[in-house]
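Overview (structure and organization)
Each chain, written out:
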Amino acid sequence: MFIPSCRFLPGALACAALSTALCTPAAAATDAFPSRPIRLIVPYAPGGGPDGLARKTAEVLAKELGIAVIVENKVGAGGMLAGEYATRATADGYTLMLGSSTHVTQKILQPAVNFDPVTGFTHIVRTGFTPQVLIVSTDSPYTSAQELIAAARQVSDPFNYASGGIGSAAHLAGAAFSGAAKANTMHIPYRGSVEIVPALLKGDVQFGFPTASTALPHIANGKVRALAVSSAQRLPQLPDVPTLDEVFQRDDLALDAWSGIWAPAGLPQPVLDKLEQAFKTVYATPEIKAFYEQAGTQLNPSASPADFTRFIQGETAKYQKVVSDNKIEVNP
């Protein structure tokens with residue numbers, strides 16, 4: 001590209017010409033965003049509740065941006081594979097990731113993982129909160145959390161509980177429940193949350209804590225029974241099911257999972273602004289609100305990217321305490 005020399009032009013004109021020559025291509029590229037499909041990396045298996053929410057969001061986002069939004073599932077290692085993949089991507093807005101509380105806990109449990117949930121990403125917007133649901137098979141003899149607790153305290157062989165992986169929301173909820181119950185339990189991590197219910201139905205585990213978006217359809221079709229929820233308040237969809245705080249008469253067992261949209265660190269501000277506004281517009285549509293509400297997820301977009309980052313920093317401190325208090329380890 002040819003750039004005119006300032007010494008052949010009057011001062012102000014020279015600077016204007018130089019600025020235009022240097023900045024026009026970058027500005028044009030930013031103005032054109034998005035000009036090709038966007039990938040949304042989802043660290044959950046296809047067919048599960050979080051995957052369904054991500055796909056619905058991508059569908060409405062594509063309409064809002066006028067460009068294809070492709071959901072790409074990268075499952076494994078409790079979300080670490082997705083996190084490591086996304087943090088290495090180019091920070092141009094064309095690779096996004098559904099970040100979550102699981103990525104925070106993974107970094108706490110395994111400091112050597114190759115991404116940092118706070119510094120390794122641009123935090124675009126928080127999506128909302130989803131509680132976990134304590135479930136058992138409908139063939140199980142336990143019809144209340146108290147019955148399950150009493151049995152788990154007396155068994156010689158531990159009760160197994162399933163999760164979608166070490167450090168996942170289901171793992172932390174199960175560990176916190178076991179600690180509060182002083183029960184004899186063993187954590188059985190699976191490759192994804194979609195495997196929790198099949199493990200229950202096969203009798204490989206006695207209970208699990210999938211997210212509400214995963215649990216509610218199986219509760220509705222009668223495959224599993226809900227005994228408690230991890231939210232601070234009862235779920236509108238399960239008004240007769242108590243919270244863990246109610247079960248244990250405590251006020252420190254509300255452990256809602258949360259999620260949001262992340263991009264690699266260093267996302268250009270104009271692209272960040274455009275994506276934040278697009279997602280907030282999507283979350284405000286009646287179609288998305290109804291879809292998330294039916295799945296038991298409370299939409300709660302962050303006020304700004306900076307606010308979302310501060311939230312994640314606070315959640316890191318909170319989960320460090322949960323992990324420490326419950327002596328949660330990768331290989332206990």
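Notes on the structure follow. (Residues numbered from 1 in each chain as written. Predicted model: local features only at pLDDT ≥ 70, side-chain atom pairs only at ≥ 80, totals over all residues. Heavy atoms only, no water.)

1. Some details on the overall build of the chain
So the rule is basically this: For the purposes of this entry, the term helix denotes a DSSP run of H or I that reaches at least four residues, the term strand denotes a run of E that reaches at least two, and both are numbered from the N terminus. Exposed residues in this analysis have more than 50% of their type's maximum accessible area, buried residues have under 20%, and partly exposed residues fall in between, with area computed by a 1.4 Å probe over protein chains only. By definition, residues are in contact when any of their heavy atoms lie within 4.5 Å. Only the protein chains shown count as covering a residue, and every accessible area follows the Shrake-Rupley method with a 1.4 Å probe.
Looking only at helices and strands, one finds 12 helices and 11 strands in the chain. Going through the 332 residues of the chain one by one, you find that 52% of them count as buried. In the chain, of all internal contacts separated by at least 6 residues, the share reaching a separation of at least 24 is 78%. Just so you have it, the chain exposes about 14600 Å², and 55% of that area is on carbon and sulfur atoms.

2. Side note on empty space enclosed by the protein
Formally: Cavity: a set of points on a 1 Å grid over the protein atoms alone where a 1.4 Å probe fits but cannot get out. Pocket: an open set with protein on both sides within 12 Å along at least five of seven lines, its lining residues, like those of a cavity, having an atom within 4 Å of a point. Grid points are joined across faces, edges and corners, and a volume is the space filled by probe spheres set on the points. Ten residues, namely Ala, Val, Leu, Ile, Met, Phe, Trp, Tyr, Cys and Pro, are considered nonpolar, four, namely Asp, Glu, Lys and Arg, are considered charged, and the remaining ones, Gly among them, are considered polar.
In total, this model carries two cavities of 30 Å³ or more according to the counting rule given. Size it by volume and the largest cavity reaches roughly 440 Å³. If you trace the largest cavity, you find 38 residues lining it, with Tyr44, Pro50, Ser100, Thr102 and Thr211 closest to the centre. For the lining of the largest cavity, the secondary-structure elements that each account for two or more residues are helix 2 (49–65), strand 3 (95–100), helix 4 (101–109), strand 4 (121–130), helix 6 (169–181) and strand 10 (257–264). For the lining of the largest cavity, the class distribution of residues is 17 nonpolar, 20 polar and one charged. There is about 60 Å³ of room inside the second largest cavity. The wall of the second largest cavity is formed by Ser101, Thr102, Thr105, Gln132, Gly167, Ser168, Ala169, Leu172, Ala173, Leu255 and Tyr319.

3. Some thoughts on the pairing of strand 7 (residues 185–189)
Note the threshold: The pairing criterion is simple: DSSP has to find at least two bridges between the two strands. If you view a crossover with the strands going away from you and the path from the first strand over the helix to the second runs clockwise, you call it right-handed.
As paired elements, strand 6 (residues 159–163) and strand 7 share five bridges and run parallel to each other. Along strand 7, the bridge assignment pairs Asn160 with Met186. At this point the chain moves from strand 6, through helix 6, to the parallel strand 7, and the crossover so formed is right-handed.

4. Thoughts on the side chain of Thr127
Test applied: By the criterion applied in these results, polar contacts are pairs of N or O atoms within 3.5 Å in which, for protein atoms, one can donate a hydrogen and the other can accept it, and in which residues neighboring in sequence qualify only through two side-chain atoms.
Take Thr127: it is sitting in strand 4. A distance of 2.9 Å separates polar atoms of two side chains, one belonging to Thr127 and the other to Tyr283. What Thr127 contacts, discounting residues up to four positions off in sequence, is Ser259, Gly260, Ile261, Tyr283, Tyr292, Gln298, Leu299, Asn300 and Pro301.

5. Notes on helix 3 (residues 80–87)
Side chains three or four residues apart in an α-helix point the same way, a direct result of the helix having 3.6 residues per turn. Within helix 3, the full set of buried residues consists of Met80, Ala82, Gly83, Glu84 and Ala86. Buried residues in helix 3 make contact with strand 1 (38–42), strand 3, helix 4, strand 4 and strand 10.

6. Some words on the side chain of Ser231
Tracing the backbone shows Ser231 in the loop between strand 9 (224–229) and helix 9 (244–248). Accessibility expressed as a relative area gives 6% for Ser231, which makes it buried. Engagement of the side chain of Ser231 in a polar contact is seen with the backbone oxygen of Gln233, the distance being 2.5 Å.

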